[in-house]
There are 2 protein chains.
Amino acid sequence: MLKDAHDLIPRECDACPIRHRAVCARCDAQELEQLDQIKYYRSFEAGRTLIWAGDRMDFVGSVVSGIAMLTQTLEDGRTQMVGLLLPSDFVGRPGREKAAYNVVAVSDVVMCCFRKQPFENMMEKTPHIGQRLLEMTLDELDAAREWMLLLGRKTAREKIASFLAILGRRNAVLNMSKAAGQVVFDLPLTREAMADYLGLTLETVSRQISALKRDQVIHLEGKRHVTVPDFDRLLEEAGDDSDGGMLA
Amino acid sequence: MLKDAHDLIPRECDACPIRHRAVCARCDAQELEQLDQIKYYRSFEAGRTLIWAGDRMDFVGSVVSGIAMLTQTLEDGRTQMVGLLLPSDFVGRPGREKAAYNVVAVSDVVMCCFRKQPFENMMEKTPHIGQRLLEMTLDELDAAREWMLLLGRKTAREKIASFLAILGRRNAVLNMSKAAGQVVFDLPLTREAMADYLGLTLETVSRQISALKRDQVIHLEGKRHVTVPDFDRLLEEAGDDSDGGMLA
DNA sequence: GCGAAGCCTTGATGCAGATCAACTCGACCG
DNA sequence: CGGTCGAGTTGATCTGCATCAAGGCTTCGC
C-alpha cells in the first residue's frame, strides 16, 4: 500500500511540494542546506497513529503529503479532534518534551522530520524559521477560534454546513473554482472523524448530511463526492456572520 | 471610577508588573528603550468594548492589569468567548489590518499599547520579540485546544468543574496554595460571561454551580467567592485525563 | 461466490440542556 | 426610604441531539 511512498518523497527541497508554505518557506539556500543535515522522511499508512499523547518527542516536522488529525480523549473514550493537518502544516512544538496530542494519519502521510534538538538550536540562530512558525501558529490560533465558535454555539446543521464550507473554500482556491459558484470536492474524512471534528455523533453527522442533500443544499455522488450548486446558500446555512468569510 | 487608573500605570518598564511575562520579557534595556518610544498606556472601564471585530487596528499591546475577553458572535446574537486575557497577555496580531474579534473589558483594564507599524518594523529587527510572541502564541494555541475538548465533548457539569479548576490552578500557583489541597478564589466573570466561555446558557451555569455546591464539591460565600475543599475531587468532576493536569 | 468487516444510513426512544418565566437579593439613586 | 436595575436562582416545559438498534452497501480474503 505504501510501496510507492518513496515516489512522493522529494529528492531535494527545490522539488518539494510544500517548499514555499512550510516552516522552511522563508529559508534561503544556505539555511535549507543546514536543515537538510538534520532532516529525514517518514511515511505512515492511513489509520496509523503517528504519535501518542504523552510520548517523548525527538522530532518536529512538516506534513509533506496526506492528511492527519490531532485528537484528545477523555478517559471514557470521548474524542475531540483539535487539529486537522494538511500538507505544509507543522507537527510538534519546539521546546516541548512530550507530545500533547495524538496524531493520527487520516490518509497515507509523508512527513519531513527534523531532529528536535538540532532544530531548536537552529531556530535560535535563524530568525527565518521562527518568523514563519509564528505566522503559521497565529493562523492556527485563528482557525482554532473559529472552531470554538462552531463547537460552542452552532447547531448540528450549521456545523455540517460550516465544515463543508471550509472544505469547499479550500478547494475553490486550489481548483480555480468551477463555473459560477459551483464547487466540487471529496470528503477527506469518515463520518466518525467528521463527528470528532464537530463535536457530534456519527449518526447525527449522517442525518444532517442527508438533510442538506434532501434540501438541495448539496448533491452527493457515492458517500464522499460533494457538489455544492450554490455556495452562498451553503454559507447561509453555516450561519456565519455574512461578511467575515473571505478575510484571508 | 477610573480616576486612579493612572496609579496603576507603571512609570517605567522596570516597575512594570508584567515586565517578565509579556511580549517584552526577553528584551534587554536597549530594546525596552526602543519600545518605550512607540508605546502609550490606555485605560478602559469594566464593560467597555475596547475593540470591535472588523475595526481597523492601529496598535497591538499587552494587558497590564485587569481582565478582558475575546468574543465572536453569529448574526442572531449567539456569542462565544474565544479568549480570556489576563495581565501580560497580548492583544492584536502583527501584520493584520483589521481586528478579528471583539475585545471586551471584564474588569477595569489598563493596556500598554504599541503603535502597530513601528512595532512590526521592530519585530523584523529584534528577534527577542518574535521569539517571545511565538512562545505565547503556542501557549494560547494549547489553551484553545483544551478549550475545544471542553466545548465539544464535556457535559455541563464537567464544563463548570473544568472552568473552576482552571481558575483554581491559576490561583494556587499565585497564592502558594493554602493548606493541603484547599483552594480559594473569586470568580472574575458573571454567570453570563461564564456561559459564553463554556458554550452554555447562564441558567445552566447557575444550576450546575448550585449542584456542585449541593454536592460539597465547592463552597460559596456570596455569589463569587469560591472555596474548593478537595481539589482532586474537583479535577475528577472535570473529567480530564487524570494525569494531564499539571504539565506546564 | 460467500462470509466478514468497515462504513454508512435510518428509525425509535430518552434525556441533557435550552427556553420561557417568575422571583430574590443587593446596589445605587433621587 | 421607595423604586429601579442588574445579577443570580429556581421551576416548568420543550426540543435537538445522543443513544440504542437494525439493516444496506462495498470491499476484501478465502
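### Things to note about the packing of aromatic side chains
Pairs of aromatic rings are described using the distance from one ring centre to the other and the angle between the two planes. Under the defined criterion, the tally for this structure stands at eight aromatic pairs over all chains. Taking the centre distance of 4.2 Å and the plane angle of 20° together, the rings of Trp147(B) and Tyr197(B) count as stacked. Here Tyr197(B) lies in helix α5 (residues 191-198) and Trp147(B) lies in helix α3 (residues 127-153), a separation of 50 residues in the sequence. For Tyr197(B), a relative accessible area of 7% translates into the label buried. Within the aromatic cluster, the residues linked to one another by ring pairs are Phe90(A), Phe114(A) and Phe119(A).

### Topic: the sheet that holds strand β8 (residues 109-115) of chain A
Sheets are built from strands paired through backbone hydrogen bonds, the pairs being either parallel or antiparallel. All names here are of chain A. Spatially, the four strands line up as an open sheet ordered β1-β8-β3-β6, and their pairing is antiparallel. With one partner strand each, in any of the chains shown, β1 (39-44) and β6 (90-91) form the two edges of the open sheet. As judged from the six bridges shared by β1 and β8, these two strands associate in the antiparallel manner. By the bridge assignment for β8, Ser43 is matched with Val110. Packing of helix α2 (residues 116-125) onto the sheet brings it into contact with β3 (59-65), β6 and β8, and relative to β8 it is tilted by some 65°.

### Regarding the protein's contact with DNA strand D
In the neighbourhood of DNA strand D, 17 residues make up the surrounding shell, with Thr204(A), Arg191(B), Ser206(B), Arg207(B) and Ser210(B) lying closest. The sugar-phosphate portion of DNA strand D accounts for 59% of its atoms within 4 Å of the protein, the bases making up the rest. Contact distances for DNA strand D include 2.7 Å between a phosphate oxygen and a side-chain N or O atom of Arg191(B). Those elements that place two or more of their residues in the surface near DNA strand D are α6 (202-214) of chain A together with α6 (202-214) of chain B. It is α6(B) that provides the largest number of residues to the surface near DNA strand D, a total of five residues. Of the residues belonging to the surface near DNA strand D, the class tally is three nonpolar, seven polar and seven charged.

### A closer look at unusual backbone geometry
Residue and element names in this part refer to chain A. In this structure, Ser88 is a non-glycine residue whose phi angle is positive, near 95°. Here Ser88 lies in the loop between β5 (79-85) and β6. In this structure, Gln216 takes a positive phi of about 65° despite not being glycine.

### Things to note about the interface of chain B and chain A
Contact with chain B, which involves 47 residues of that partner, is made by 46 residues of chain A. Taken together, both faces of the contact between chain B and chain A bury some 4300 Å²; the carbon and sulfur share is 53%. Together, Arg145(B), Met148(B) and Arg153(B) form the three largest contributors to the area buried by chain B at its contact with chain A, with a combined 19%. Joining chain B to chain A, the criterion identifies twelve salt bridges. Among the salt bridges present, the one from Arg145(B) reaches Glu140(A), with a minimum N-O distance of 2.6 Å. Seen at the junction of chain B and chain A, the total is 28 residue pairs in polar contact (both at pLDDT 80 or more). Put simply, the parts of the chain that give the side of chain B that touches chain A at least two residues each are β4 (68-73), β5 (79-85), α2 (116-125), α3 and α5 of chain B. Sorting elements by how many residues they give to the side of chain B that touches chain A places α3(B) first, with 20 residues. Residues of the side of chain B that touches chain A, tallied by class, amount to 17 nonpolar, 13 polar and 17 charged.

### Concerning helix α5 (residues 191-198) of chain A
With seven of its eight residues buried, α5(A) lies for the most part within the structure. Listing the buried residues of α5(A) in full gives Arg191(A), Ala193(A), Met194(A), Ala195(A), Asp196(A), Tyr197(A) and Leu198(A).

### Overview of the relation of the copies chain B and chain A
Each copy of the sequence occupies a distinct position, and chain B is placed on chain A by a rotation of 180° and an axial shift of 0.0 Å, giving an RMSD of 0.0 Å. Both chain copies can therefore be described as sitting about a two-fold axis. Counting the interface residues of chain B, we find that 98% of their copies in chain A are interface residues as well, pointing to one common contact surface.

### Examining the domain arrangement of chain A
All names here are of chain A. Parsing chain A into structural domains produces domain 1 (5-141) and domain 2 (154-246). Once you take the C-alpha centre of each, domain 1 and domain 2 turn out to be 27 Å apart. Taken together, the contact pairs eight residues of domain 1 with seven residues of domain 2. Together domain 1 and domain 2 conceal approximately 680 Å² of surface at their shared face, both sides included; 71% is due to carbon and sulfur atoms.

### Thoughts on the pairing of β5(A)
All names here are of chain A. Among the seven residues of β5, six are classified as buried, and the element is accordingly described as predominantly covered. Pairing analysis gives six bridges linking strand β4 (residues 68-73) to β5, with the strands arranged antiparallel. Its bridge partner being in β5, Met69 is matched across the sheet by Leu84.

Basis of the calculations
- Residues numbered from 1 in each chain as written.
- Chains lettered and ligands numbered in written order.
- Predicted model: local features only at pLDDT ≥ 70, side-chain atom pairs only at ≥ 80, totals over all residues.
- Heavy atoms only, no water.
- Phe/Tyr/Trp six-rings, centres within 6.5 Å; stacked < 30°, edge-to-face > 60°.
- Helix = DSSP H or I, 4+ residues; strand = E, 2+ residues; numbered from the N terminus.
- Buried < 20%, exposed > 50% of the residue type's maximum accessible area, 1.4 Å probe, protein only.
- Pairing = 2+ DSSP bridges.
- Contact = heavy atoms within 4.5 Å.
- Axes fitted to C-alpha atoms, helices over the stretch in contact; angles between N-to-C directions.
- Near = heavy atom within 4 Å.
- Polar contact = N/O pair within 3.5 Å; in protein donor to acceptor, adjacent residues only side chain to side chain.
- Nonpolar A, V, L, I, M, F, W, Y, C, P; charged D, E, K, R; others polar.
- Buried area = accessible area lost by both parts, 1.4 Å probe.
- Salt bridge = Lys/Arg side-chain N within 4 Å of Asp/Glu carboxyl O.
- Least-squares fit on C-alpha atoms with pLDDT ≥ 70 in both.
- Domains from an automatic or database assignment.

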